[in-house]
Amino acid sequence: MTGEPGRRGGLDEQAVLLAAGLADLAVSTLGSAVGVARGLLRRSDAAELAADAEHDLVARGRLVMDRYAAVPPAHLEVLARHARARRAGDDV
């Protein structure tokens, strides 16, 4: 599989090489992740580390919900409040 440009199976060969490269990358990444997981499991404070990770994830989730779930006040409502405040200031 040398990838000669005039070869009829060029695109097929390229697809196979791409798939093989992706598979190799996935296997090496998975191997690294397993190594890291083994190292974490050997730690004496693994339970405390997991609890800290859980607290961090909950805090991150709370920030996301606050950022995207909060509904801003209606624009006309804000204008009405400003007008009412201005009118109340003029009466004094």
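Cut-offs and rules
Residues numbered from 1 in each chain as written. Predicted model: local features only at pLDDT ≥ 70, side-chain atom pairs only at ≥ 80, totals over all residues. Heavy atoms only, no water. Helix = DSSP H or I, 4+ residues; strand = E, 2+ residues; numbered from the N terminus. Buried < 20%, exposed > 50% of the residue type's maximum accessible area, 1.4 Å probe, protein only. Areas by Shrake-Rupley, 256 points an atom, 1.4 Å probe, with all protein chains shown as cover. Patch = residues over 30% accessible without salt bridge, like charges linked within 9 Å, V, L, I, M, F, W, Y side chains within 5 Å. Salt bridge = Lys/Arg side-chain N within 4 Å of Asp/Glu carboxyl O. pLDDT = per-residue confidence, 0-100.

Visitor: Would you explain the overall build of the chain in this entry?
Guide: Of the regular secondary structure elements, the chain holds 3 helices and 0 strands. Along the chain, helices and strands appear, N-terminal first, in the series α-α-α. The buried share among the 92 residues of the chain stands at 1%. Taken as a whole, the chain presents about 8,400 Å² of accessible surface, with 62% of it coming from carbon and sulfur.

Visitor: Looking at this model, I keep getting lost on a nonpolar patch on the surface. Mind explaining?
Guide: A cluster of nonpolar side chains, namely L18, L22 and L25, defines an oily patch on the protein surface of about 320 Å² accessible area. Residue position: L25 is located in helix α1 (residues 10-41).

Visitor: Just checking my understanding: could you explain the pattern of salt bridges for this structure?
Guide: Close approach of charged atoms lets side chains of opposite charge pair. In the structure shown here, the tally under the stated rule is 1 salt bridge. Between R81 and E77 there is a salt bridge, and its shortest N-O distance comes to 3.4 Å. Within this pair, R81 and its partner E77 are both found in helix α3 (residues 75-91), separated by 4 residues, close to a single helical turn. Under the relative-accessibility criterion, E77 is labelled partly exposed at 35%.

Visitor: Where do I start with the confidence of the model for the chain in this structure?
Guide: Low pLDDT means the predicted coordinates in that region are not meant to be read closely. Across the chain, the average pLDDT comes to 83, with 89% of residues at 70 or higher. Predicted confidence in the chain is weakest over helix α2 (residues 46-69), with a mean pLDDT of 87, and strongest over α3, with 89.

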